[in-house]
Amino acid sequence: MHPRKNASAMRMVGAQLACFRRAAGYTQRALAELVCAELETIASIEQGRRVLKPELASELDVLLDTKGALMVAVENMPEVDRYPLWAEQYMDEEQRAIALSFYANQVLPGLLQNEGYARAVFRSRVPSFSEDEIAFQVGARLDRQDILHRKVPPSLSFVLSEAIVRDRLGGHAVYKGMLRHLLECARLPGLTLQIMPLGRESHAALDGAFILLETPELQHLAYTETQRGSQFVADPDEVSILARKYAMLRTQALNTEESMGLLDRLLGEL
């Protein structure tokens, strides 16, 4: 299970970190450099938008000479469910997968969303989320992306409908940031990104989005979501059908160079 930390507690721990940092004479940028983290990571933690993880808390306690205060705070934060019960099994498998393949036709997969786009996704929800819940969900989504930057990341393949990369979700600035982020992701080692162009006369996945994954035990699984639930698929015959659909999608989509070219053109038009 992936616990989500309470928003008030996240803000409290973030405020504590900011207080300790200032007392030690560090700027956010200086502290980020010392712990080999992104400036945005430190800023998001201090603003209560991102969870302070135990490993970083321990390192900061030593660096800031806080006598273990941050680790104690992290270990005793109240928790609520981070993900809906029906999505938890997939989240567990995603974190340990050695290969993941995504077909998306409506919204960017969570692993490709930057903070601005993720926030726009959750602001679009009906019924609406509270600001605290939006912060929870955005933080959870960004935390999932740690797998992209592991020393040995999983093999990742994405086929995205062109409609996704043309949709202006969140407005002009968010759209521009999303395109830049996608181009950065497309250059990550072990990640391939293809765009399914609009106007095709055939399409292998008209039934909607799905995910294929391979476990460390070499088991092949699939996952699909609907408006109000999801299906985790383990039956080999059913997984095989989706795998064949995905193989066909990759032949119908633009190749990786053409896909990056389209993203570059869209960015250049802004």
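What this report covers is the structure whose coordinates are included nearby. (Residues numbered from 1 in each chain as written. Predicted model: local features only at pLDDT ≥ 70, side-chain atom pairs only at ≥ 80, totals over all residues. Heavy atoms only, no water.)

### A short note on the pattern of salt bridges
Logical step 1: Within the structure shown, the criterion is met by 11 salt bridges.
Logical step 2: Between Lys245 and Asp207 there is a salt bridge, and its shortest N-O distance comes to 4.0 Å. Linking Lys245 in helix H11 (residues 236-252) with Asp207 in the loop between strand E5 (191-196) and strand E6 (210-214), this pair joins segments that are 38 residues apart in sequence.
Logical step 3: Among the charged side chains, a network of salt bridges with common partners joins Glu93, Arg96 and Glu217. (Salt bridge = Lys/Arg side-chain N within 4 Å of Asp/Glu carboxyl O. Helix = DSSP H or I, 4+ residues; strand = E, 2+ residues; numbered from the N terminus.)

### So, the layout of surface pockets
Logical step 1: In this structure, the second largest pocket occupies an estimated 820 Å³ of space.
Logical step 2: Lining the second largest pocket are 27 residues, and of these Glu38, Thr41, Arg50, Asp146 and His149 sit closest to its centre.
Logical step 3: Elements represented by at least two residues in the lining of the second largest pocket include exactly helix H3 (39-46), helix H4 (54-64), helix H7 (115-123), helix H8 (131-144) and helix H10 (172-186).
Logical step 4: In terms of residue count, H3 provides more of the lining of the second largest pocket than any other element does, 4 residues in total.
Logical step 5: Residues that form the lining of the second largest pocket fall into these classes: 10 nonpolar, 7 polar and 10 charged. (1 Å grid on protein atoms, 1.4 Å probe; cavity = no way out; pocket = protein on both sides within 12 Å on 5 of 7 lines; lining within 4 Å. Points joined across faces, edges and corners; volume = space filled by probe spheres on them. Nonpolar A, V, L, I, M, F, W, Y, C, P; charged D, E, K, R; others polar.)

These results come straight from atomic positions and should not be treated as a statement about function.
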